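For reference, the chains in residue letters:
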Amino acid sequence: MSVLPLVFTSGWASGVNAYAVILLFGVFGATGVSDQVPESLQRTDVMIVAGVLFLCEAVADKIPYVDSIWDSVHTVIRPVAGAVVAALLAGQSGSLPEIAAAAVGGSTALLSHLVKAGTRMAVNTSPEPFSNIGVSLAEDLGVAGIISFAVFNPVAAAVIAGTLLALGIVTVVFLAARIRSFLRRRARRREEKRLAGAGV
């Protein structure tokens, strides 16, 4: 069976929370739930690092503005993680060239990361912090659910991931005005800090 649906789903999930994807695959492989998980993802040191970074993200992702800074830092990390996980999955199954898998996983992760980052910018326009917590919890549960489902039904999970990605893109386009306003305010704050630091 082709590993492409699992590659696509893992790419989408990596764009939202790469550390959760690595940790979940590692746990599923180490416990024998799935035989599709490469040995490299089941290593104890890999799972420990992924777990610690997941906890860091779980905290940072729920704090207004800190989440957007965290997303900026992960603009490279999440797509790279998506590409690496996809290549490892392809190498394990042998049904898809690793380079092609990395391209699918990385590009899908980049798209879902941009959707996540854009949505968070829009959420940060709200003055209260509770929407960040709610959105973050929904993302965490969504990643856990979709990866768990993908292990047992990769095709259906890929359909769900594709639908969520399309809906996310539409949402970000719809919220573009709020995002632009957020970026303008952030740029203005930076300029004010720069001027204050220069003593102007």
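Data block above holds the structure.
In this report, we go over the structure that sits alongside the text. Note that this is a predicted model, so its numbers are computed, not measured.

**A short note on the overall build of the protein chain**
So, point 1. A count of helical and extended segments in the protein chain gives eight helices and zero strands.
So, point 2. Counted from the first residue to the last, the protein chain has its helices and strands arranged as α-α-α-α-α-α-α-α.
So, point 3. Each of the 200 residues in the protein chain was classed as buried or not, and the buried ones make up 45%.
So, point 4. For the protein chain, the accessible area works out to roughly 9800 Å², and carbon and sulfur atoms hold 74% of it.
So, point 5. Within the protein chain, one finds 15 positive and 13 negative side-chain charges whose respective centroids are separated by 14 Å.

**Focus on the packing of helix H1 (residues 4–30) against helix H6 (residues 130–152)**
So, point 1. Relative orientation of the contacting elements H1 and H6 amounts to 80 degrees, with a least axis distance of 9 Å. Judged by the inter-axis angle, H1 sits roughly perpendicular to H6. From H1, Leu6, Thr9, Ser10, Trp12, Ala13, Val16, Asn17, Ala20, Val21, Leu24, Phe25 and Phe28 reach across to H6, where they touch Glu139, Asp140, Val143, Ala144, Ile146, Ile147, Ser148, Ala150 and Val151.
So, point 2. In the contact of H1 with H6, the residues fall into 15 nonpolar, four polar and two charged.

**Overview of the environment of Ser68**
So, point 1. In this structure, Ser68 sits in helix H4 (residues 66–93).
So, point 2. The class for Ser68 is buried, based on a relative accessible area of 4%.
So, point 3. Expressed as a C-alpha distance, the spacing of Ser68 and Arg120, which sit 52 residues apart in the sequence, is 6.5 Å.

**A few points about the packing of aromatic side chains**
So, point 1. Counting across every chain of the model gives zero aromatic pairs.
So, point 2. Here the guanidinium or amino end of Arg189 rests over the ring plane of Tyr65, the centre of that ring lying 5.2 Å away.

**Let's talk about the pattern of salt bridges**
Side-chain pairs of opposite charge can arise whenever the charged atoms involved come near each other.
So, point 1. Going through the model one piece at a time under the given rule, you end up with nine salt bridges.
So, point 2. Here Arg78 ties to Glu57 by a salt bridge, and the two come within 3.1 Å at their closest N and O atoms. Here Arg78, found in helix H4, pairs with Glu57, found in helix H3 (residues 44–60); they are 21 residues apart in sequence, far enough to count as distant. As far as burial versus exposure is concerned, Arg78 and Glu57 are alike and both buried.
So, point 3. The closest approach of N and O atoms between Asp67 and Arg120, which form a salt bridge, is 2.9 Å. Placement of the pair is Asp67 in helix H4 and Arg120 in helix H5 (residues 98–123), with a sequence separation of 53 residues. Side by side, Asp67 and Arg120 carry an identical accessibility label, which is buried.
So, point 4. Taken together, the shared-partner salt bridges connect Asp61, Asp67, Lys116, Arg120 and Glu139 into one network.

**Considering a nonpolar patch on the surface**
So, point 1. Together, Phe149, Ile160, Leu164 and Leu167 give the surface a local cluster of nonpolar side chains, amounting to about 330 Å² of exposed area.
So, point 2. Examining the composition of the nonpolar patch, we find that three residues originate from one element, helix H7 (residues 154–174), more than from any other.
So, point 3. Within the secondary structure, Phe149 is located in helix H6.
So, point 4. Overall, Phe149 belongs to the partly exposed group, its relative accessible area being 32%.

**Topic: the packing of H1 against H7**
So, point 1. Look at H1 against H7: their axes get within 8 Å of each other, and the N-to-C directions meet at 40 degrees. If you check the angle between H1 and H7, you find them oblique. Both H1 and H7 take part in a crossing whose hand is left-handed. Contacts between H1 and H7 involve Pro5, Leu6, Phe8, Thr9 and Trp12 from the former and Pro154, Val155, Ala157, Ala158, Ala161, Gly162, Leu164 and Leu165 from the latter.
So, point 2. Residue classes in the contact of H1 with H7 are distributed as eleven nonpolar, two polar and no charged.

Parameters and conventions
Residues numbered from 1 in each chain as written. Predicted model: local features only at pLDDT ≥ 70, side-chain atom pairs only at ≥ 80, totals over all residues. Heavy atoms only, no water. Helix = DSSP H or I, 4+ residues; strand = E, 2+ residues; numbered from the N terminus. Buried < 20%, exposed > 50% of the residue type's maximum accessible area, 1.4 Å probe, protein only. Areas by Shrake-Rupley, 256 points an atom, 1.4 Å probe, with all protein chains shown as cover. Lys, Arg positive; Asp, Glu negative; His and termini not counted. Charge placed at Lys NZ, Arg CZ, Asp CG, Glu CD. Axes fitted to C-alpha atoms, helices over the stretch in contact; angles between N-to-C directions. Parallel < 35°, antiparallel > 145°, perpendicular 65-115°, else oblique. Contact = heavy atoms within 4.5 Å. Nonpolar A, V, L, I, M, F, W, Y, C, P; charged D, E, K, R; others polar. Phe/Tyr/Trp six-rings, centres within 6.5 Å; stacked < 30°, edge-to-face > 60°. Lys NZ or Arg CZ within 6 Å of the ring centre and 35° of its normal. Salt bridge = Lys/Arg side-chain N within 4 Å of Asp/Glu carboxyl O. Patch = residues over 30% accessible without salt bridge, like charges linked within 9 Å, V, L, I, M, F, W, Y side chains within 5 Å. Left-handed = near helix turned anticlockwise from the far one by under 90°.

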